[in-house]
Amino acid sequence: QVQLVESGGGLVQAGGSLKLSCAASGRTFSSYVMGWFRQAPGKEREFVAGISRTGGSTYYADSVKGRFTISRDNAKNTVYLQMNSLKSEDTAVYYCAAHYTWSPRPLTRATDFGSWGQGTQVTVSS
């Protein structure tokens, strides 16, 4: 099992940027496919971005494509989410998640991931 701790959330004006980090501990970080999800009040948790174990493959929800970038540093056991051109509709609690071992397809469902962080709040004011 891997333990995940997110950081970097906060309050930002529309059009601004934030960079979230997710630090992992426990099992070998490079064995995990990583993902970012978010959940706004009254809404279901939704996929934001995912990255393969090596970082060579990334994929995004249409709503954030071109604005958000997921990356990872396996030497630092950390996955990042750079968020630019933020909109009020990006306001949510953001969670990182981990899926152990390789996957033949992009993982976009919350049920694909077995480990979760506690979340970090992102609030975008308009």
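Provided above is the structure to which this section pertains.
If you're wondering where the values come from, they're calculated on a predicted model, not measured in any experiment.

Participant: Teacher, can you tell me more about the side chain of Asp 112 here?
Facilitator: Looking at the secondary structure, you find Asp 112 in the loop between strand 9 (92-100) and strand 10 (115-116). We classify Asp 112 as buried; its relative accessible area is 11%. Of note is the side chain of Asp 112, whose polar atom sits 3.4 Å from the backbone nitrogen of Thr 108. If we ignore the near neighbours within four places in the chain, the residues touching Asp 112 are His 99, Arg 105 and Leu 107.

Participant: Is there a simple way to think about the pattern of salt bridges in this case?
Facilitator: Any two side chains of opposite charge can pair, given that their charged atoms come close. Within the structure shown, the criterion is met by six salt bridges. The partner of Asp 62 in a salt bridge is Lys 65, and the shortest N-O contact between them spans 3.1 Å. Judged by relative accessible area, Asp 62 falls into the exposed class, the value being 66%. In this structure, Asp 112 engages Arg 105 in a salt bridge whose closest nitrogen and oxygen atoms are separated by 2.9 Å. In this structure Arg 105 comes out as partly exposed when scored by relative accessible area, which is 36%. Here the residues in one salt-bridge network are Arg 38, Glu 46, Arg 67 and Asp 90, joined through shared partners.

Criteria and thresholds
Residues numbered from 1 in each chain as written. Predicted model: local features only at pLDDT ≥ 70, side-chain atom pairs only at ≥ 80, totals over all residues. Heavy atoms only, no water. Helix = DSSP H or I, 4+ residues; strand = E, 2+ residues; numbered from the N terminus. Buried < 20%, exposed > 50% of the residue type's maximum accessible area, 1.4 Å probe, protein only. Polar contact = N/O pair within 3.5 Å; in protein donor to acceptor, adjacent residues only side chain to side chain. Contact = heavy atoms within 4.5 Å. Salt bridge = Lys/Arg side-chain N within 4 Å of Asp/Glu carboxyl O.

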